[in-house]
Amino acid sequence: MSLLNNLSKSLGFYILVAMTLGVLTGIMMGEGAAVFEPLGAMFISLIKMLVVPLIVFSVIGGSAGVGATSSAGKVGGLTLFFFMIMTILAVSIALLFGELFKPGVGVNLSSLSSMFSNEYADRGETPAFFDIILGMIPTNPIKAMVEGNILQILFFCIFLGFGISMLEESKRSPLIAGLNALTEAMIWMINKVMLIAPIGVFALMAESIGTYGFETLVLIMKLVVVYLFVLALFNWGIYGFVVQFFTNLSFKEFFSGIKSAQIVAFSTASSMATVPVTMDAVENKFKINKSLASFIVPLGATINMNGNAIYYALTAVFFAQFYGIELTWAHYGAIILTSTIGSIGQAGVPGPTLLVVAVLMSAGIPIEGLPILYALDRIFDMTRTAVNITGDALCAAVVEKYTQGEKSLA
């Protein structure tokens, strides 16, 4: 009974109940479940409202603390190296298991023809490398904040944070203290928004299932199972291996400490909304320096998207098998490259995963059938976000181990 009482008091428990009720409501009401759409939209809007200020305050403060140390370059380099290696590994594992279990083989094309669309045919252009680099530099930082251009905001905030770190102590300390206080205020606001998470999740699930139909779930169930299996393997297998051999934490310590952040990520489908909870776990449960956490976690919430990379790669394999296309090594290379770039450029907020269009088109895979996945887009988004934020916390633990003793963070 005590276990049941503890579960009933947990936000995660209420979210899971809300998601289940949302699915059942969508099945029973069909398209009538669209009546709940405003509630889901309100929840997502509240999250998006807090994303930009949270990035600004936490990243500037974290960069200022890291930049004041002699090992700032090593911290940044190791962080980016970790993100890139893990993303490439995620895509490769997804391709491997996609070819092993073949989730797209045997799906009935005729039963899904009504959902085929050319709506996204002009949205799959993959930007060139230097276009991505130039696109990260804001010509107007205020405009970037207004438009919510996350990569440009990150670039400016990290640059400004390093600038603050170069100031003399009497000027630097009050600025960092003020930024930390504003970050704490943002955390309070996000905690309040999370109180309505079960309502938002219920509305989003009901509207999604009601609009696209439960039948679609049954037709692509094999993809869902393979996708969840790969996510679980990466989360507890790959991450677990890294925890055990490349951090100062044990397997149990890490996954017990990150559990609350995973629940929040699962419910909001937003890496950015989860930043305060992830930083709390990193700082208070893993005992990692606050400046290091404030630098790595928000950065990871924007460019470290291993769950997204797995989704892009598996979706590409699914549709290749769906249409009977034999993938070559050239196709695999294109999928790995585009999935990696796409996951880095994906903003840490919930929404349609149109970047998968670029992945499909890079390998010459038709995209007309993409809408068949939208009935489950919310489930895909929630699960991959939980994996994304776990990677952010893990990166902080790895960087802490290999830079400790060389730094004295503020």
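Residues numbered from 1 in each chain as written. Predicted model: local features only at pLDDT ≥ 70, side-chain atom pairs only at ≥ 80, totals over all residues. Heavy atoms only, no water.

A.B. asks: Give a description of the nonpolar core that names residues and reports values.
C.D. replies: By size, the foremost hydrophobic cluster in this structure holds 114 residues, and its most contacted members are Phe254, Ile258, Ile310 and Leu373. Counting 6 residues, the second largest nonpolar core, distinct from the first, contains Ala18, Ala33, Phe36 and Ala206. (Core = buried A, V, L, I, M, F, W, Y, C linked by side-chain atoms within 4.5 Å. Buried < 20%, exposed > 50% of the residue type's maximum accessible area, 1.4 Å probe, protein only.)

A.B. asks: Please provide a residue-by-residue account of the confidence of the model for the protein chain, values included.
C.D. replies: Chain-level pLDDT for the protein chain is 79 on average; 79% of the residues reach the 70-or-more range. The low-confidence segment residues 1–8 (pLDDT under 50) makes 3 contacts with residues lying over four places distant or belonging to another chain. When the criterion is pLDDT under 50, residues 405–410 qualifies, and its contacts beyond four places in sequence or with other chains add up to 17 contacts. (pLDDT = per-residue confidence, 0-100. Contact = heavy atoms within 4.5 Å.)

A.B. asks: Account for the packing of aromatic side chains, with residues named and values stated.
C.D. replies: The geometry of two aromatic rings is summed up by the distance between their centres and the angle between their planes. Applying the stated criterion across every chain, the model contains 24 aromatic pairs. The interplanar angle of 80 degrees and the centroid separation of 5.0 Å between the aromatic rings of Phe322 and Tyr323 together place this pair among those described as edge-to-face. Judged by its relative accessible area of 5%, Phe322 falls in the buried class. Note on Tyr323: relative accessible area 25%, which makes it partly exposed. By the ring-pair criterion, three or more aromatic residues cluster together here, those being Trp236, Phe251, Phe254, Phe255 and Phe286. (Phe/Tyr/Trp six-rings, centres within 6.5 Å; stacked < 30°, edge-to-face > 60°.)

A.B. asks: Give a description of helix α16 (residues 306–322) that names residues and reports values.
C.D. replies: Counted at 1.5 Å a residue, the expected span for α16 with its 17 residues is 24 Å, and the 24 Å between its end C-alpha atoms agrees. Within α16, 17 of the 17 residues are buried, leaving the element largely enclosed by the surrounding structure. (Helix = DSSP H or I, 4+ residues; strand = E, 2+ residues; numbered from the N terminus. Expected span 1.5 Å × (residues − 1).)

A.B. asks: So, the pattern of salt bridges: which residues are in play, and what are the values?
C.D. replies: On inspection of all chains with the given rule, the structure shows 4 salt bridges. Across the salt bridge formed by Glu184 and Lys290, the nearest N and O atoms sit 3.9 Å from each other. Taken together, the residues Glu184 in helix α8 (residues 169–193) and Lys290 in helix α15 (residues 290–303) connect sequence positions 106 residues apart. Exposure remark for Lys290: the relative accessible area of 34% places this residue in the partly exposed category. Arg384 serves as the salt-bridge partner of Asp381, at 3.3 Å between the closest nitrogen and oxygen. Here the residue Asp381 and the residue Arg384 both occupy positions in helix α19 (residues 377–403), the gap between them amounting to 3 residues, near one helical turn. For the residue pair Asp381 and Arg384, the accessibility class agrees, reading buried in each case. (Salt bridge = Lys/Arg side-chain N within 4 Å of Asp/Glu carboxyl O.)

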